[in-house]
Amino acid sequence: MKMAELMVNLKVVREKILIAAARRSPEDKHFEPRLVAVSKFKAVELIVEAYKAGQRHFGENYVNELVTKANDPTVLETCVDICWHFIGHLQRNKVNKILSVPNLFIIETVDNEKLASALDTSWPKFRKHDDLRMKVMVQVNTSNEQEKDGCEIAHVCTIVKHIVDNCRNLEFIGLMTIGKFGYDNAKGPNPDFLCLKQCREQVSKELLIDLNRIELSMGMSNDYEHAVELGSSNIRVGTAIFGERTKKNT
């Protein structure tokens, strides 16, 4: 991808987010959606160029790839306030590795209590300030697809309660979903997005957490405008910014 094309893509995505945000319901207009540029399989040079264009939040799906990119000398020198989002499946044996990432902003894919506890136990070994908690989201399998990661809808409140009550080193900030691929928005609101909103309402009601303090991470390149309209506060966009990806070597 040419750098000029990257700049144009970023500009277009940002403008579309602003337009979609203007169509939100009044209760969702108290925040500005956060754009996370998903840089999976993309070169460090593209990340640096996007950073220079004002992009700060970047998402990665694989632990080893994120570790390599975050520790790249050019990234460390040039992208001093970059914010890394881990948005892939996380195994407990990779917890220390992911927590060692410089400028790790959030882990969006906590989907069980054991993983939450492992993160809570390990985070003090890596944090720079005693009062700095690791931000986490709970990933929900709203489409109930067996091949998808995320906790079952019925378990959302239990996992959030565990984090809030037992994981003092973690900061629960919201819910995340991928949803079923290929949904036709012409049919109406995406049921997976509506489901995540319902999960948020249930968490707020059962655990007495202010609804406005529970973020929603939903929407990707093919549906981020729709997600923003429905109240997403965190949009994960890759292809629309960086172009099509080559498949990971196996």
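Residues numbered from 1 in each chain as written. Predicted model: local features only at pLDDT ≥ 70, side-chain atom pairs only at ≥ 80, totals over all residues. Heavy atoms only, no water.

Going by the annotation in an unreviewed UniProt entry, the name recorded for the protein is Pyridoxal phosphate homeostasis protein, with Xylocopa violacea given as the source organism. Of the protein, the UniProt comment under Sequence similarities (unreviewed entry) reads exactly: "Belongs to the pyridoxal phosphate-binding protein YggS/PROSC family." (UniProt positions renumbered as here; feature names shortened; annotations may be inferred.)

Bringing the pairing of strand β1 (residues 34-38) into the picture now. For β1, a buried count of five out of five residues is recorded, marking the element as mostly surrounded by other parts of the structure. Residues Arg34, Val36 and Val38 point to one face of β1 and Leu35 and Ala37 to the other, with burial holding for every one of them. In terms of strand pairing, β1 meets strand β8 (residues 234-237) through four bridges, oriented parallel. In the strand pairing of β8, arginine 34 is matched with asparagine 234. Direction of pairing for β1 relative to strand β2 (residues 57-60): parallel, over a ladder of two bridges. Bridging across to β2, valine 38 finds its partner in glycine 59. (Buried < 20%, exposed > 50% of the residue type's maximum accessible area, 1.4 Å probe, protein only. Helix = DSSP H or I, 4+ residues; strand = E, 2+ residues; numbered from the N terminus. Pairing = 2+ DSSP bridges.)

Once that is clear, we can look at the UniProt feature "modified residue: N6-(pyridoxal phosphate)lysine" (unreviewed entry) in the protein. Sequence positions flagged by UniProt for "modified residue: N6-(pyridoxal phosphate)lysine" (unreviewed entry) are, in local numbering, Lys40. Tracing the chain through its elements places lysine 40 in the loop between β1 and α2 (44-52). Lysine 40 gets classed as buried once you look at its relative accessible area, which sits at 17%.

A few words on unusual backbone geometry. Unlike most non-glycine residues, phenylalanine 41 shows phi in positive territory, near 70°. The residue phenylalanine 41 is located in the loop between β1 and α2 in this model. Despite not being glycine, leucine 208 shows a phi value in the positive range, around 55°. Its location among the elements puts leucine 208 in the loop between α8 (191-207) and β7 (215-217). Judged by relative accessible area, leucine 208 falls into the exposed class, the value being 77%.

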